[in-house]
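Spelled out from the first residue to the last, the chains are:
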Amino acid sequence: MFNHYLKSAVRNLLRQKRFSFINIFGLALGMAICLLVYVFVRYETSFEKSFQDYEDIHRVTALFTDDEEEEWMALTPYPLASALAADVPEVMAATRLQSAWKETQFKYNNAPRYLDNYAYVDTSFFQVFSYEFTIGDPNNALTEPNNAVLSENMATQFFGDQNPIGQVINFNNERDIKVVGIFKKTGINSHIDFDIFLPWRYRENGDTQWDNMLNYYSYVKLYPNTDVASFDKKMNQAARSRFTSSSGDEEPLTVLFASQSIKDIHLHSHLDGEIGANSYQFYMLIYLLVGFAILFIAVINFTNLSTARSANRAKEVGVRKVVGASRWESSIQFLIESILQSLVALVLAFLLAEIMLPYFNGLLGLELTILKSTPILMIGFGIVLSIFVGLVAGIYPALFLSGFSPIKVLTGDFSKSKDSAPLRKGLVIAQFSICAALILFLGIVFQQLNYITSKSLGFNPEQIMVIPLQDRKLKMSSAAAELSRIPGIETISFANKLPGEEMGGNGYQVGEKSAVLDFNRVDENFIEALDIKLTAGKFFTAADIQDSVRKFVVNESFVNFYNIKENPIGQRIANQDGVIIGVIEDFHWKGFNESITPFVMQELNDPWLPKAIVKIHSENLPQTVKDIQKNWSKLEPGYPFRYSFLDADFGALFKNYQNFGKALGFITLLIVFTAALGLFGLAAYTAEQRNKEIGIRKVLGASISQIMVLITKDFMYLVLVAAVVALPVGYLIARKWLTSFAYQTEINAFPFLATIITLVVISILTVSWQAYRAASINPVNAIKDE
Amino acid sequence: MIRTNKLKKVYRTEEIETTALNEVDLHIQSGEFVSIMGPSGCGKSTLLNILGLIDNPSSGEYYFLDEEVSKYSERQRSNLRKHNIGFIFQSFNLIDELSVYENVELPMLYTKVPAGERKKRTEELLEKMNMMHRKNHFPQQLSGGQQQRVAVARAIVNNPKIILADEPTGNLDSSNGDDVMKTLAQLNQEGTTIIMVTHSAYCSEFGNRVVRLLDGQIVSENTIAKYRI
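Predicted model only: the values in this text are computed from it and were never measured.

Draft legend 1. Looking closely at the overall build of chain B. Each helix and strand in chain B was counted, giving seven helices and ten strands. The C-alpha atoms of chain B give 18 Å as radius of gyration, which agrees with the globular expectation for 229 residues (17 Å, within 12%). Overall size of chain B, expressed as C-alpha extent along the three principal axes, is 50 × 40 × 35 Å. Counting all 229 residues of chain B, 47% fall into the buried class. Taking as baseline every contact in chain B between residues at least 6 positions apart, the subset at least 24 positions apart corresponds to 67%.

See below:
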C-alpha cells in the first residue's frame, strides 16, 4: 500500500511541475533558513555547557549603589576570591581572572605576534573550569610565574608540528615564558575565550585594595545543590569582615556582591566591564521568529496551492472512495505526498543552507557549520523538521481533499462540494502580514543605522591615525619630537584609551557622593587632536604632569551627576586627592547605543604604554603615513610598526548593528520572495479557474487592462488588509529593538509608506503577469472549453 | 439481497425543497439483473447512489444483505462497499495517474488482498478483458471502449456480490457498448447481481427486470421474459 501511495505521489508531483516546484522550492527555502537558525541557536545556547558541573559555577558581580542609580559590574576587587575560598564553606574552589587589556607582543624564533587573547589566572583556575589538557597537568601547570598554558590551535600557530612543551616565548620583550600545558579549546563555547593562560605575577601580595580598581573577574565553583541566595549572603558577610579601606578611614564597604550563574552570562549579561560583548537573547528570538516565519509562509503556500488545486484531485478522491478507500486512507495518502515533497525539499534545503552559510557566518562573525561537524545530528534534525513540516503543511489539504463526497465529485457537482477560498484569503493575509511587519521593521532598522552613523559624535574621528606604543622604554616626548618633523601632521597626542574602547573604572568622591566612573589618561593635546570642546576651566598643560596636586578634567555629565554646575572648577575629588581643572563638552565616546555617562580624564605619564593619536592633513595622506612609518621604526626598533585609523576602529562599534540590518534585510528578501512565489501560484490558479468568466467578459467587450484590473484587485485588497494588520506589530517590534539604543531615531511616516508601496509593487508584479496571460487568451478558447 | 422501504431523498436549498426519491419500495433478489429507467431528473442516479452506499437516504429503510444500513456512518458504509459492491460509471472514472494495471489492482489494496493474489487476479481479469497488452498504459492513452473495459475489470476484481452501473454505455459507440453489455450479462450469468441505470431500451433488454421511475416514484416494474445475452 505504501508503495502505491509513493508511486502516485511521485506521479502527481511530476504531473504538476510548476506547482510542485513552488511548493518544494518554498519549503526548501524555509527549511534552509531553519537549518541556519538551528545551528545558530544551538551555538548561542551551548555556552559554558562543556565545563564539568557548569551549573555550579558562578561569576561574582558587584553592585554599586548611590542615591540615584545602581551600577552592576562584572569586575570585582582582587582579594575577594581568596576571601571566599577561605571563609565560605559552600565554595569548592574560587579563582580570579584578568584579561589582557591590550595587544601584546609574543615573540617566538624572532617572529612577533600581537595577541590579546590571553589572561592571567590563579592556579585554582583549572579546578573551576575543567579544560581538557592534551599535554601537561592542569593541577600544577600554573605554579611557576613564567609558565604558560596554550590552546592546541595557538600551539600549532606558534610551533607547527614541534612538541610545544618546554618551548620558550618572549613576552613583550620583557621576559620569557615557558609552555607547560596544552588544552583543548575546540568545541568549548564560553565567555572566557582565551588561548593563553598565564599565572599572576608581581601581584600576590601587591594588590589588596577592596574599594578602588575593580579589575578582576572572580569565579566560584560551589558544592552541588548549594542555595545560591544563602551563598550570596555569606559572600557579602565574608567580604565585609575582611574589608579594609584603602584610604585608611573606617568607612564600611558599600559595594554589594551577587553571584551570577555562568550559563546566564552569554545571552543575558551586559554588565560594565564584561570580558567581551555578550549576545542578546532578543536577537536570538528574532532569528528564531524569522525562521519560523519563513517556514510558516512556505507551509501556507503549500496549503493554499494544494487546496486551490483540489478540483484536480477531486475525481481521484471520489473514485478511490467508491472502490473502497476510507477517509482515513485518503488522508494518509495526501499526507505521504506532502511529507515526500517536504523530504525532497530537505535535500534542497541542505544545499541552499550550505550556500548561504558563509554569508551568514560573515554577518554574525561566527564559524558555524551545518553538516561538517555534526552530520548525524543535523540530518536527524532535518528529517524530523521535514516530517513535521510535511505534516503541518499537508494536514489541512489532506483533511480537505479526503473529505470530498464521492457522489458530488463524480456527478460533476463539485462546486457545491466545498469552498476553501475564505481560508486561502486568510492565509494570504497572514503571509503578507509577516512580510509587512518585517519590511517595516527593516525600514526602521535602516533609519536608525543611518541616524547613528550620521549623527554628530561630539568629536572628530576623521584623519586620525592611531599607533599603539609597544616599547616601555619609549618616551612620549621623544616620539612626539620625532613625529613633529614630518610635514602633513597637524597634531600629536597620546591617550591610554580611544573612543570606542572599553575605558577603565575608578572610584571618585565629590562631596559626600562617590561612584565608580569611566576614566582615561590623556595628554595635553587630546582635545585638540579630537576636536573636543572645552566649556569651562582649562585643559592639562605639559607642566601639570610634574605638579604634585592631581588634576582632573571631567565632562558635562560628570558635572550634572555630582550636581556641581555652579562652580565645577576647583572642586576637590576627595578620595583621589585632586581637583577638577576643566570641563569638556559631552561627546559620544561609546557610540550611540549607550548614553553619555560621567567621565574623567587624568594626565597621562609614560609607563602606561599609551597610543599615539596623530591627526593628519587629508592632502598627501599616503605619503604622510609612509613617513610616519619610517620615522617610527627608529623609535621602537625591536617592534614592527602597527597602526589603524580611528574612524575605522570606531566604526566597528556599529558593525554588529549593520550586520544585523544586513541579515534582517537578506531574510526579509527571502521571506517576501517566498510569499510572492505563493501569490504567483495562486494567481496562476485563479486565472485558470476564471477562464470562462474572462472569456465571457471579453466577448461582452472587456479590454485586456480591465481584465487585468479585475484579477489583480482581489489580491491587492488582501495585501492591503495585511499591511493594515501588520504595521502596528512591525512598529512595536521596532520600538522594542530601538530600546537597545540610548539615542533613537524618530520614527516618521516614511517607513510605513515605503512598506505599503513595496508590498503593492511586489504583488502587482507577481500577479499581473498571470493576469495578462489570462486576459490575452482568445475568448473562444475559454468558452469552447466548457 | 436488497430491500428498500419507503425510501426517500429530499434535497434542500434555502428556498426550494426537491424530492428526488419519494417512498420507493424496491426488492432485488440475489442474481437479478435490474435495469432502472426513466427520464432525466426522475431520481435514477439518486437511487443507484443510495443503493451503492455512496449516499444516505433522508428517510426510509434500506436493507442490504438483510442489514438495515440507512443510518450507517461513512466508515461502516465504506467497509460494506469495498467488499460487496463494484461500480461502473458512464465517464469511466479511472484515475489518470495510475496505469491500467494499477487501476484494476486498486480496490484490492483497500481490501488488503496479498500482493501475489493481487497480481494473479489483476492479470486474469486483464486477459479476460483483452487488455493485458495495455496494462502499462495510462487511461488517457486508451479509447473509450478500452477505458470502460478497464473500469469493468476494476469493478469486479474484488468479486463483489453486486455491480452498480450508471449508464455504462453512455459514452461509448454501439459496438463498444455492446461488448460492455455482453460482459455484464456474462457476469450476471455467473451469479453477480447487477443494477444498471440506463436510457437505452436496448441495453435494458440485457437484464431480467426493468424498473421505471418518474418524479422519484416507481411507476412500473416489468419482467423481461426473454432477455439478451
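So much for the structure itself; the text now carries on.
Draft legend 2. Seen up close, the overall build of chain A. Each helix and strand counted, chain A has 22 helices and 24 strands in total. Residues counted as buried form 42% of the 786 residues belonging to chain A. Taking the contacts inside chain A whose residues are at least 6 apart along the sequence as the reference set, 83% of them involve residues at least 24 apart.

Draft legend 3. View of the sheet that holds strand β2 (residues 17–28) of chain B. Residues and elements named next belong to chain B. Taken in spatial order, the four strands of this open sheet run β2-β1-β4-β5, and their pairing is antiparallel. The open sheet has two edge strands, β2 and β5 (67–68), and neither has a second partner. The pairing of strand β4 (residues 59–64) with β5 spans two bridges and is classified as antiparallel. By the bridge assignment for β5, Phe 64 is matched with Glu 67.

Draft legend 4. Highlighting the environment of Val121(A). Residues and elements named next belong to chain A. By the secondary structure assignment, Val 121 is in strand β6 (residues 118–121). Given 25 C-beta atoms within 10 Å, Val 121 falls into the buried group. In this structure the C-alpha to C-alpha distance between Val 121 and Leu 517, which are 396 residues apart in sequence, comes to 25 Å. In this structure Val 121 touches Thr 95, Arg 96, Leu 97, Leu 142 and Phe 197, once residues within four positions along its chain are discounted.

Draft legend 5. Highlighting the pairing of strand β17 (residues 513–522) of chain A. Residue and element names in this part refer to chain A. Here β17 lies mainly inside the structure; seven of its ten residues are buried. Bridging between strand β16 (residues 504–510) and β17 involves seven bridges; their strand directions are antiparallel. When the sheet's bridge partners are listed, Asn 506 is paired in β17 with Leu 517. Remark: two residues form the turn of the hairpin made by β16 and β17, two consecutive strands paired antiparallel; Gly 511 in that turn has positive phi of roughly 60°. Here five bridges tie β17 to strand β22 (residues 599–603), and the two strands are oriented parallel to one another. For Phe 519, the partnering residue across the bridge sits in β22 and is Val 600.

Draft legend 6. Looking closely at the interface of chain A and chain B. The interface is formed by 21 residues belonging to chain A together with 21 residues belonging to chain B. Of the residues belonging to the side of chain A that touches chain B, the class tally is eight nonpolar, six polar and seven charged.

Draft legend 7. Structural context of unusual backbone geometry. Positive phi, normally seen in glycine, also occurs at Glu48(A), with a value near 70°. Looking at the element boundaries, Glu48(A) is found in the loop between α2 (17–44) and β1 (57–65).

Draft legend 8. Focus on the pairing of strand β8 (residues 147–151) of chain A. All names here are of chain A. Of all five residues making up β8, four are buried, and the element is well covered by its neighbours. When β8 meets strand β10 (residues 175–183), the two strands line up parallel, connected through five bridges. Each residue of the ladder has a partner; that of Ser 151, found in β10, is Phe 183. In terms of strand pairing, β8 meets strand β11 (residues 196–199) through two bridges, oriented antiparallel. For Leu 150, the partnering residue across the bridge sits in β11 and is Ile 196.

Draft legend 9. Examining the sheet that holds strand β9 (residues 209–214) of chain B more closely. All names here are of chain B. Taken together, six strands build an open sheet; the order of strands is β6-β7-β8-β3-β9-β10 and the sheet is mixed. For this open sheet the edge positions go to β6 (85–88) and β10 (217–223), each flanked by a neighbour on one side alone. Ignoring which end each strand starts from, the neighbouring axes of this sheet average 20° apart. When strand β7 (residues 162–166) meets strand β8 (residues 193–197), the two strands line up parallel, connected through five bridges. Residue pairing for β8: Leu 164 is matched across the bridge by Ile 195.

Draft legend 10. Geometry of the nonpolar core. Residue and element names in this part refer to chain A. In terms of nonpolar packing, the biggest core is built from 112 residues, with Leu 84, Ala 148, Phe 197, Val 554, Val 600 and Val 614 touching the most fellow members. Excluding residues within four positions of it along the chain, Leu 84 makes contact with Val 91, Ala 94, Val 220, Met 235 and Ala 238. Among the nonpolar cores identified, the runner-up in size contains 85 residues, and Phe 19, Phe 296, Leu 440 and Ala 726 belong to it.

Draft legend 11. Spatial organisation of the packing of helix α18 (residues 646–689) of chain A against helix α21 (residues 750–775) of chain A. Residue and element names in this part refer to chain A. At a minimum axis separation of 9 Å, α18 and α21 run at an interaxial angle of 25°. Classed by the angle they form, the pair α18 and α21 counts as roughly parallel. In this structure, α18 crosses over α21, and the sense of that crossing is right-handed. Contacts between α18 and α21 involve Val 672, Ala 676, Leu 679, Phe 680, Ala 683, Ala 684 and Ala 687 from the former and Ile 762, Ser 763, Thr 766, Val 767, Gln 770, Ala 771, Arg 773 and Ala 774 from the latter. Its residues assigned to classes, the contact of α18 with α21 comprises eleven nonpolar, three polar and one charged.

Draft legend 12. Representation of the environment of Glu594(A) in the model. Residues and elements named next belong to chain A. Structurally, Glu 594 can be placed in the loop between β21 (578–584) and β22. Note on Glu 594: 15 C-beta atoms within 10 Å, which makes it partly exposed. Taking the C-alpha atoms as reference, Glu 594 lies 19 Å from Ile 532; in sequence the two are 62 residues apart.

Draft legend 13. Here's a closer look at helix α5 (residues 152–159) of chain A. Residue and element names in this part refer to chain A. Turning to α5, its buried residues number three or more, namely Met 154, Ala 155 and Phe 158. When α5 is viewed along its axis, its buried side chains cluster within an angular range of 100° and face the same direction. Tucked into the core, α5 has its buried residues touching β4 (104–108), β8, β9 (168–171), β10 and β11. Where α5 ends, the next residue or the one after it, Gly 160, has phi of about 60°, a positive value.

Draft legend 14. Here's a closer look at the confidence of the model for chain B. For chain B, per-residue confidence averages 90 on the pLDDT scale, and residues scoring 70 or more make up 98% of the total. Prediction confidence for the complex, expressed as pTM and ipTM, is 0.78 and 0.79 respectively.

Draft legend 15. How the structure looks around the packing of helix α13 (residues 421–454) of chain A against α21(A). Residues and elements named next belong to chain A. Relative orientation of the contacting elements α13 and α21 amounts to 140°, with a least axis distance of 9 Å. What the angle tells us is that α13 and α21 run oblique. Note on packing geometry: the crossing formed by α13 with α21 is right-handed. Every residue of α21 that contacts α13 at Phe 432, Cys 435, Ala 436, Ile 439, Leu 440, Gly 443, Ile 444 and Gln 447 is listed here: Pro 751, Phe 752, Ala 754, Thr 755, Thr 758 and Leu 759.

Draft legend 16. Structural context of helix α17 (residues 621–635) of chain A. Residues and elements named next belong to chain A. The terminal C-alpha atoms of α17, which comprises 15 residues, lie 21 Å apart, in line with the 21 Å expected from a rise of 1.5 Å per residue. Those residues of α17 not exposed but buried are Thr 624, Ile 628, Trp 632 and Leu 635. Down the axis of α17, the buried set is contained in an arc of 65°. They therefore lie on one face. Exposed and oriented more than 90 degrees from the buried face of α17 are Pro 622, Gln 623, Lys 626, Lys 630, Ser 633 and Lys 634. In this structure, the buried residues of α17 make contact with β14 (464–468), α14 (476–483), β15 (489–495) and β23 (611–616).

Draft legend 17. Fine view of the confidence of the model for chain A. Averaged over every residue, the pLDDT of chain A is 86; the share at 70 or more is 94%. The weakest mean pLDDT in chain A belongs to helix α22 (residues 779–785) of chain A at 61; the strongest belongs to strand β12 (residues 217–222) of chain A at 95.

Thresholds applied
Residues numbered from 1 in each chain as written. Chains lettered and ligands numbered in written order. Predicted model: local features only at pLDDT ≥ 70, side-chain atom pairs only at ≥ 80, totals over all residues. Helix = DSSP H or I, 4+ residues; strand = E, 2+ residues; numbered from the N terminus. Rg over C-alpha atoms; globule rule 2.2 N^0.38 Å. Buried ≥ 20, exposed ≤ 12 C-beta atoms within 10 Å, placed from the backbone. Contact = placed C-beta atoms within 7 Å. Pairing = 2+ DSSP bridges. Nonpolar A, V, L, I, M, F, W, Y, C, P; charged D, E, K, R; others polar. Axes fitted to C-alpha atoms, helices over the stretch in contact; angles between N-to-C directions. Core = buried A, V, L, I, M, F, W, Y, C linked by C-beta atoms within 7 Å. Parallel < 35°, antiparallel > 145°, perpendicular 65-115°, else oblique. Left-handed = near helix turned anticlockwise from the far one by under 90°. Arc of directions from axis to C-beta. pLDDT = per-residue confidence, 0-100. Expected span 1.5 Å × (residues − 1).

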